[in-house]
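# A closer look at the structure
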Amino acid sequence: MLEKLGNAIKKATDKISNAIFLDKNLVDTIVRELQRALIEADVSIPLVKELSEKIRKAAFDEKITGIEKKEHLIKILHDELIHILGEKKELIPKEKGQTRIMMCGLYAAGKTTTTAKLGNYFQKRGKKVALVGLDVWRPAAKEQLEQLGKEHNLNVYTVPENDSAINNWKQIEPKLEKYDLVIVDTAGRHDLDSELVEEIETLNKKIKPDKTILVMPADIGQAAKNQAEKFSNSLNITGVIISRMDSTAKGGGALTACAETNSGVYFITTGEKINDIEKFNPEQFLSRLLGMGDLESLMEKIRSVTDEKQQQKIQEKLQEGKITLTDVVEQIKSMNSLGGMDKMLSMVPGLGKAKIDKAQLDEQQKKVAKWEHLVNSMTKEERENPELIKKETTRIGRIAKGAGVNNSELRALLKQYDMLAGMVKGTQGMDMSEGMNPKQMEKLMKKFARGGRGKMRF
Ligand SMILES: Nc1nc2c(ncn2[C@@H]2O[C@H](COP(=O)(O)OP(=O)(O)OP(=O)(O)O)[C@@H](O)[C@H]2O)c(=O)[nH]1
Ligand SMILES: [Mg+2]
């Protein structure tokens, strides 16, 4: 449905969580990627701009630092997305007496199938439901509704005459008294022409619906804004149902367009089957889009991946353009401790589906433990200046022996050190934060795995 958008947002939150610093370049990258995904989902440019500005502003707010900044940023992103998705809007039939719902929308919007889905939804929840087919225009329209009723045990009322919708209604209305919920399916047209407007207005006066629902297909994207406005001019639209959310990437645009016009979305439909209808709740929708729990679990994740003290320490080192072997091992250890590498990798969009080589990960964790022993058996001097070990190769044997590991392990560690030190030198820490990104971590880990057998010469 909106996998791409979901993945992009996930990626942004991962980048924020895993960054050592949120510097300008990283924030720019995050904002750019988000913008691209939102635009692809057909969210309107002004909304995208507004969201980007808020994120930038939060990112560069100097009053907030460290882990709080990350939490702040994720919260802003989350809240802004909720905001553009709109308010939660519920469709609640009356407790007592009859509730009448009139469905309207353009041609092929999904009115008839949605009428059946909605009827089924409330019938399952104990309401006595009647569906009324008033599409006198499209051939076989009434049969379509009757067929759906038969398949799903729903009461459908139609009359064979096709003279006018209002006359059909007059014949049917007296039979509807015993029902709690009456859902009326109406005809669609290519455009909101005067004939359609007239028909709906007359029906509206006669039926006096408690709710008038506009059905729009998700694939119209942000054009939903225009359509909702047009319909609202002639009818009192109480809410919207977005159909076919399953078959387009533009659903984000349709949803945000509804929020822009204050047309609350009651339901979305996500497939052709009768049960493919769900209440629209922006919070839940976003959580699902992100494939994780609510904001709190997102925050938990940040807390678990961020060790503020360590972050501070590394930050200082990076600013000096210098890191020690202890830092390298600390760094790798922290990566390893992020709830386990495999768990972390599974949170990375795209990687979740990819086969993660568990054996390799286990191997890696063992390796890191060895590296820790190695660092412990070095002198303080050696830890701070690994060049010493490279210069005086006799140190290699001593250190490796002290740690109870092979010389090759030490070489792998030194190679790793070179790699990180190189990154620090070359990029003033920027790529370091990217390096904390789990996806890049995986690459790095693969490099580590090769490190021991590498071509180190010293
Ligand atoms: N994949 C998918 N298809 C849907 C969904 N909702 C409706 N459809 C399909 O969209 C097409 C049009 O649906 P209808 O319910 O007939 O639309 P309508 O607005 O009543 O059309 P008219 O009466 O001709 O104006 C049908 O083929 C439906 O099966 C959905 O949520 N997902
Ligand atoms: Mg129809």
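Residues numbered from 1 in each chain as written. Chains lettered and ligands numbered in written order. Predicted model: local features only at pLDDT ≥ 70, side-chain atom pairs only at ≥ 80, totals over all residues. Heavy atoms only, no water.

### Some thoughts on the overall build of the chain
Which entries qualify depends on this criterion: Working definition: helices are DSSP H or I runs of at least four residues, strands are E runs of at least two. Numbering for both runs from the N terminus. Buried means the residue's accessible area, taken with a 1.4 Å probe over protein chains only, is under 20% of the maximum for its type, while exposed means over 50%, and partly exposed covers the values in between. Throughout, a residue-residue contact means that at least one pair of heavy atoms, one from each residue, lies within 4.5 Å. Where accessible areas are quoted, they stem from the Shrake-Rupley method and a 1.4 Å probe; at the residue level, only the protein chains shown are allowed to cover.
Check the secondary structure of the chain and you find 22 helices and eight strands. Counting the 458 residues in the chain, one finds 53% classified as buried. Restricting the contact set of the chain to residue pairs at least 6 apart, pairs at least 24 apart contribute 75%. Only carbon and sulfur atoms are counted for the fraction: they give 48% of the accessible area of the chain, which is about 21800 Å².

### A look at the site of ligand 1
Counted only if it meets this: We call a residue near a molecule or strand as soon as one heavy atom of that residue lies within 4 Å of the molecule or strand. We call two N or O atoms a polar contact when they sit within 3.5 Å, provided that within protein one can donate a hydrogen and the other can accept it, with sequence-adjacent residues counted only if both atoms are side-chain atoms. As a working rule, the residues Ala, Val, Leu, Ile, Met, Phe, Trp, Tyr, Cys and Pro are called nonpolar, Asp, Glu, Lys and Arg charged, and the rest polar, with Gly in that last group.
Around ligand 1, 18 residues are found, and the nearest of them are K111, T113, R138, T269 and E272. Interatomic distance of 2.8 Å between a backbone N/O atom of A108 and an oxygen atom of ligand 1. One of the side-chain nitrogen or oxygen atoms of T112 is found 2.8 Å away from an oxygen atom of ligand 1. Protein contact buries 84% of the 660 Å² of open area that ligand 1 shows by itself. Of all the elements, helix α5 (residues 111-124) adds the most residues to the shell around ligand 1, at four residues. Here the residues of the shell around ligand 1 are counted per class, giving three nonpolar, eight polar and seven charged.

### With respect to the sheet that holds strand β3 (residues 155-157)
Pairing between sheet strands relies on hydrogen bonds along the backbone, with the strands arranged either parallel or antiparallel. What counts is decided by this rule: At least two bridges found by DSSP between two strands are what make those strands a pair. Note on definitions: angles span 0 to 180 degrees between N-to-C directions of axes, and those axes are lines fitted to C-alpha atoms, for helices only across the stretch in contact.
Here we have eight strands laid out as an open sheet, ordered β3-β2-β4-β1-β5-β6-β7-β8, and mixed in their pairing. The two strands at the open ends of the sheet, each matched to only one other strand, are β3 and β8 (277-279). Strand-to-strand, the axes of this sheet are offset by a mean angle of 25 degrees, without reference to chain direction. Across three bridges, strand β6 (residues 239-243) lies against strand β7 (residues 265-269) in parallel orientation. Bridge assignment links I242 to a residue of β7, and that residue is I268. Docked against the sheet, helix α7 (residues 165-172) engages β1 (99-104), β2 (129-133), β3 and β4 (181-185), running at close to 150 degrees with respect to β2.

### A word on helix α19 (residues 394-403)
Convention followed: Comment: arc refers to directions from the helix axis out to C-beta atoms.
Burial in α19 covers these residues: R395, I396, I399, A400 and A403. With its buried residues spanning 120 degrees around the axis, α19 presents them on a single face. Exposed and facing more than 90 degrees away from the buried side of α19 are T394, K401 and G402. A positive phi of about 70 degrees marks G404, the residue just after α19.

### Remarks on the pattern of salt bridges
Operational definition: Salt bridges are counted wherever a side-chain nitrogen of Lys or Arg sits within 4 Å of a carboxyl oxygen of Asp or Glu.
Tallied over the full model, the rule gives 18 salt bridges. A salt bridge links K4 to E40; the nearest nitrogen and oxygen atoms lie 2.9 Å apart. Of the two residues, K4 sits in helix α1 (residues 3-18) while E40 sits in helix α2 (residues 24-40), which places them 36 residues apart along the sequence. What makes K4 exposed here is its relative accessible area of 58%. Classification of E40 as partly exposed rests on a relative accessible area of 43%. Between K15 and E33 there is a salt bridge whose closest N-O contact spans 3.1 Å. Taken together, the residues K15 in helix α1 and E33 in helix α2 connect sequence positions 18 residues apart. You'll find K15 and E33 in the same group, each marked buried. Here the residues in one salt-bridge network are E382, E392, R395 and R398, joined through shared partners.

### Overview of the side chain of T261
Turning to its location among the elements, T261 is positioned in the loop between α10 (251-260) and β7. For T261, the contacting residues outside a window of four places in its chain are K225, A228 and E229.

So far we have only geometry, and geometry alone does not tell us how the molecule works.
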